[in-house]
Amino acid sequence: MTTRARTATVTWSQANARRLERQHLGDGVPPAGGAAPGVTGAVSAMLGAHAQVLSAAELSIGLRASGVTRTDVRTALWDDRSLVKTFGPRGTVHLLPAEELPMWTGALSAVPWEAGRLPKDARMTPGQVEAVVAAVADSLAGAELTVDELSDEVIARTGPWAGDPVMPAFQGWWPRWRQVMHLAGHRGALRYAPNRGRKATYTNPGISPLPGPEATAALVRRHLHAYGPATPGHFARWLAAPAGWAGKLFEDLASTGAIEEVAFEGSGPAWVVAGDTRFPSEAPRGVRLLPYFDAFAIASRPRELLFPGAAYERALAGGQAGNFPVLLVDGVVAGVWHQRRSGKRIAVTVEPLTALDGARTRELEERVARVGEVMEGIPELTVGKVTVGGHA
């Protein structure tokens, strides 16, 4: 049940309940009476599934889509091609709906690019950046290349400077051009293709990005629908965009009446899509498990309200969300968990920060069973201390 707010004030509980509902993480009732989502619907609702670790993306999707397993996600990605694996928000690997790729590339390519913290002698000039992106697009047109094969092609098309080993990597140095590999994805010049053995490959998706103003306006509206009320700062941190750029974007949209301001608990002035001021009348209830870098934990703000009290210290890594899979109780983080797979067996350890009563323990058992269904394994639950560190 929802009620229209009588004032332009939104409480944290209202916002959190609506976010959970729109993420298909609520009480099982689809938002506004709609159908439960499939694979692409779940990915669309969360604005991309973080896929640096593909199994975490598979679980994020499966926990939102009834009956979906990791095989269904892989089928959508590599067979049906209704999903695309590419560089998304924050320059990190995401799964995105293929039909939404023009919007995503149009919006992401409009975000001002900065060289970051690389030493001055490792950086690239604007002209070099454009040359590399063009070389990536040309090299991958009609081809599926490993990163080493792509590197050879980029260097051949641009010059030896692109191959200078100036970027610190895991066990050595990457060539200079790799610092803008994510930017090639944002420009629509690159996406992942199926692995060749154990090696990732890349190809050109062959799409045309939407014009920047149209795409960024669409992405703001989508973000506010999923995670609003939100401030320009919230949006900027989610996207890894300059705060001033995000502020101007919100200002322009407000001037056209596309978004409207509300008073939001914990943030002060914030924004929703114009007219989108209906919020659930009941506080979130229930137990949920979310994997590494789940979109809900990453994008929901203010973070200190989603991670209250002891959860802020236990479930965050220096204030960064996503490094620990989290236990949600009544819509807020109330513990961490970990899974370890051995064949079909999945050992699940859940560490609540406060004791769970009988009803919540039974619900937790149901959530663990669903993890097993999604990951196509046999789960075994232990309630106790999680002894591994973040992102382990």
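Note that the coordinates shown come from a computational prediction; the quantities given were computed from them, not determined experimentally.

Draft legend 1. Fine view of the overall build of the protein. Looking only at helices and strands, the protein features 15 helices and 18 strands. In terms of overall size, the protein behaves like a compact globule, its C-alpha atoms giving a radius of gyration of 21 Å where 392 residues would be expected to give roughly 21 Å. Across its three principal directions, the C-alpha atoms of the protein cover 65 × 55 × 40 Å. Within the protein, the proportion of its 392 residues that are buried is 50%. By sequence separation, contacts in the protein at least 24 residues apart represent 65% of the contacts at least 6 residues apart. Within the structure as shown, the protein displays about 17,200 Å² of accessible surface, and the carbon and sulfur contribution to it stands at 52%. Of the charged side chains in the protein, 41 are positive and 38 negative, and the gap between their average positions amounts to 3 Å.

Draft legend 2. Spotlight on the side chain of glutamate 351. Here glutamate 351 lies in strand E17 (residues 345-352). Residue classification places glutamate 351 among the buried residues on the basis of a relative accessible area of 8%. In this structure the side chain of glutamate 351 is engaged in a polar contact, spanning 3.4 Å, whose partner is the side chain of lysine 385. A distance of 2.9 Å separates a polar side-chain atom of glutamate 351 from the backbone nitrogen of valine 386. Beyond its immediate sequence surroundings of up to four residues, glutamate 351 is in contact with Arg314, Ala334, Gly335, Val336, Gly384, Lys385 and Val386.

Draft legend 3. Representation of empty space enclosed by the protein within the structure. Enumeration over the complete set of coordinates arrives at 2 cavities of 30 Å³ or more. By volume, the largest cavity is sized at about 50 Å³. Around the largest cavity sit Met46, Leu47, Gly48, Ala49, His50, Arg90, His94, Trp238, Phe293, Ala295 and Ile298, which together line it. Of all elements in the fold, only strand E3 (49-50) and helix H12 (295-299) reach the threshold of two or more residues within the lining of the largest cavity.

Draft legend 4. Region of the structure containing the confidence of the model for the protein. Per-residue confidence for the protein gives a mean pLDDT of 94, with 95% of residues at or over 70. Every residue in residues 1-7 is under pLDDT 50, and counting partners more than four places away or in other chains gives 13 contacts. Confidence over residues 28-33 falls short of pLDDT 50; this stretch has 6 contacts with residues more than four positions distant or in other chains.

Draft legend 5. Spotlight on the pairing of strand E10 (residues 199-203). By the bridge criterion, 2 bridges tie strand E6 (residues 145-146) to E10 in an arrangement that is antiparallel. Looking at E10, one finds that leucine 145 is bridged to tyrosine 202. Summarising the sheet, strand E9 (residues 191-196) and E10 pair through 4 bridges and their orientation is antiparallel. In the sheet register, tyrosine 192 faces E10, and the bridge partner there is tyrosine 202. In sequence, E9 turns back onto E10 through a hairpin of 2 residues, with glycine 197 there showing a positive phi of about 65 degrees.

Draft legend 6. Up close: the sheet that holds strand E5 (residues 93-97). Judged by pairing direction, the sheet is antiparallel, and its 3 strands sit side by side in the order E3-E5-E4 without closing on themselves. Every other strand in the sheet has two partners, leaving E3 and strand E4 (83-87) as the edge strands with one partner each. Two strands pair when backbone bridges link them, and E4 and E5 are joined in this way by 5 bridges, in the antiparallel orientation. Directly across from phenylalanine 87, in E5, lies its bridge partner valine 93. The sheet strands contacting helix H4 (residues 70-79) are E4 and E5, and the helix crosses E4 at an angle near 75 degrees.

Draft legend 7. Local environment of the nonpolar core. Of all hydrophobic cores here, the largest spans 72 residues; its most connected members are Ile61, Leu83, Leu95, Leu190, Leu219 and Phe235. Ignoring anything within four residues of it in the chain, the contact list for leucine 83 reads Val39, Thr40, Val43, Ile61, Val73, Ala76, Leu77, Leu95, Leu96, Pro97 and Ala98.

Draft legend 8. Spatial organisation of the layout of surface pockets. Roughly 1,500 Å³ of volume is contained in the largest pocket. Around the largest pocket, the lining is made up of 48 residues, and of these Gln52, Phe87, Arg90, Gly91 and Thr92 lie nearest the centre. Counting only elements with at least two residues in the lining of the largest pocket, the list comes to E4, helix H7 (147-158), helix H8 (181-186), E9, E10, helix H10 (232-239) and H12. At 4 residues, H8 tops the list of elements feeding residues into the lining of the largest pocket. Here the lining of the largest pocket is composed, by residue class, of 27 nonpolar, 11 polar and 10 charged.

Thresholds, definitions, all that
- Residues numbered from 1 in each chain as written.
- Predicted model: local features only at pLDDT ≥ 70, side-chain atom pairs only at ≥ 80, totals over all residues.
- Heavy atoms only, no water.
- Helix = DSSP H or I, 4+ residues; strand = E, 2+ residues; numbered from the N terminus.
- Rg over C-alpha atoms; globule rule 2.2 N^0.38 Å.
- Buried < 20%, exposed > 50% of the residue type's maximum accessible area, 1.4 Å probe, protein only.
- Contact = heavy atoms within 4.5 Å.
- Areas by Shrake-Rupley, 256 points an atom, 1.4 Å probe, with all protein chains shown as cover.
- Lys, Arg positive; Asp, Glu negative; His and termini not counted.
- Charge placed at Lys NZ, Arg CZ, Asp CG, Glu CD.
- Polar contact = N/O pair within 3.5 Å; in protein donor to acceptor, adjacent residues only side chain to side chain.
- 1 Å grid on protein atoms, 1.4 Å probe; cavity = no way out; pocket = protein on both sides within 12 Å on 5 of 7 lines; lining within 4 Å.
- Points joined across faces, edges and corners; volume = space filled by probe spheres on them.
- pLDDT = per-residue confidence, 0-100.
- Pairing = 2+ DSSP bridges.
- Axes fitted to C-alpha atoms, helices over the stretch in contact; angles between N-to-C directions.
- Core = buried A, V, L, I, M, F, W, Y, C linked by side-chain atoms within 4.5 Å.
- Nonpolar A, V, L, I, M, F, W, Y, C, P; charged D, E, K, R; others polar.

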